[in-house]
Amino acid sequence: MMVDMFANTANAILIIREQQNSRYIHDCTKSFCHVTGFKQEALIGNKLMNMPESVTNELWPLIDRMCDMISDKLPEAHAEVDVTAPNNMHIFAELHVKPIRYANDSYYLLTFRDRSEHKWIDDLLVKQRVELSLVLTSAGSITSMRSYHEPIPFDRQTITMQPGQRFVAESDRERVRAILDTLRSRTDATAEPLMFKLQLFEDQYLAHALIRPFFYADGTFRCFAICILSVETLHQADEKPTKNMTIAMEEYSQDEMNEPSFKLRLLMLKRNMTVTKLAEHTQISLTTISNIRNGKIKKPQRLTAHLIAEQLGVSPDEIWGSL
């Protein structure tokens, strides 16, 4: 079967076959079932628009519309959608569809990414001040670190190469580990307050945070999303003075405040503008806006920059300088 081509991938992939002007679910990876909660036997062979869940679930009609969008001018389609899994779990998903040819037949390859933790972070940003957000994987690694009001005061790459526990003061590690274990074993995914001593190399800070666990649709643990609401410098009388936060910024990330991606994140936060809303208002793809916001695209095309800046009430020069 075609899915054998993707047997070794960890991506959640659905393969759709187009036949006689109709689209059928041809196959899917085990990861797709793991992430979404749908069973292979309930998917394979069904006509896309005849799925029983179509009445209450926007997923299948949206996928069909995305396939319709594919053309020579638009070789790939992207979208975000709230998905209701079979166990009534809600997933905020990023979808990517592209056409493929196999044995002279027409197929579409759908990649499904669960972005629920990022949606929670974005929603929280609208409600209250968040200094920093990060995602802690099931293996304990830090990913997706983002600052919102000031540059991260230490080298981002160095931080993300370390295990998460490395950044909790040793005196707090057992307590924090016990809290994380409790959250992982719960059946609900509500956010909990967490206060801990943040260890950044030689320096310690008191961090006030919100932490929320996220699970796959089959109930297994996936990751933690952590939003640090405030950070206070800890002065320790018996040890050498801690490095001043301002000095740390100058030493490790003095140029970050001038980065277009940092300026864009700050403007979007001030305007309560999510990536999804900005994409809807500008008709620019979610992927393009996400890549600009994350710094993967340093200087967008002139029209793209103008449309984004117009929605945020500034000139393109204020974000990207001279284009």
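Read on for an overview of the structure. (Residues numbered from 1 in each chain as written. Predicted model: local features only at pLDDT ≥ 70, side-chain atom pairs only at ≥ 80, totals over all residues. Heavy atoms only, no water.)

Re the pattern of salt bridges
Tallied over the full model, the rule gives 15 salt bridges. Here Asp 122 and Arg 293 are joined by a salt bridge, their closest N and O atoms 3.7 Å apart. In this pair, Asp 122 sits in helix 4 (residues 116-127) while Arg 293 sits in helix 10 (residues 286-293), placing the two residues 171 residues apart along the sequence. For Asp 122, a relative accessible area of 18% gives the class buried. Its relative accessible area of 13% is what places Arg 293 among the buried residues. The network of salt bridges with common partners includes Glu 18, Arg 23, Asp 64 and Asp 68. (Salt bridge = Lys/Arg side-chain N within 4 Å of Asp/Glu carboxyl O. Helix = DSSP H or I, 4+ residues; strand = E, 2+ residues; numbered from the N terminus. Buried < 20%, exposed > 50% of the residue type's maximum accessible area, 1.4 Å probe, protein only.)

Here we look at empty space enclosed by the protein
Using the criterion set out here, one finds 2 cavities of 30 Å³ or more in the structure. Quantified by volume, the largest cavity comes out at close to 120 Å³. Of all the secondary structure elements, the ones that give two or more residues to the lining of the largest cavity are helix 4 and helix 8 (260-270). Here the lining of the largest cavity is built from residues that sort into 7 nonpolar, 2 polar and 3 charged. (1 Å grid on protein atoms, 1.4 Å probe; cavity = no way out; pocket = protein on both sides within 12 Å on 5 of 7 lines; lining within 4 Å. Points joined across faces, edges and corners; volume = space filled by probe spheres on them. Nonpolar A, V, L, I, M, F, W, Y, C, P; charged D, E, K, R; others polar.)

Structural notes on helix 8
Of all 11 residues in helix 8, 9 are buried, a share of seventy percent or more. Of the residues making up helix 8, those classed as buried are Pro 260, Ser 261, Phe 262, Leu 264, Arg 265, Leu 266, Leu 267, Met 268 and Leu 269. Where helix 8 terminates, the next one or two residues include Asn 272, which has phi positive at roughly 55°.

Overview of the environment of Gln 311
Structurally, Gln 311 can be placed in helix 11 (residues 302-312). The partly exposed category is assigned to Gln 311, whose relative accessible area is 31%. Here the alpha-carbon distance between Gln 311 and Met 268, two residues 43 residues apart in the chain, equals 9.5 Å. Beyond its immediate stretch of four places on either side in the chain, Gln 311 contacts Met 273, Leu 278, His 281 and Thr 282. (Contact = heavy atoms within 4.5 Å.)

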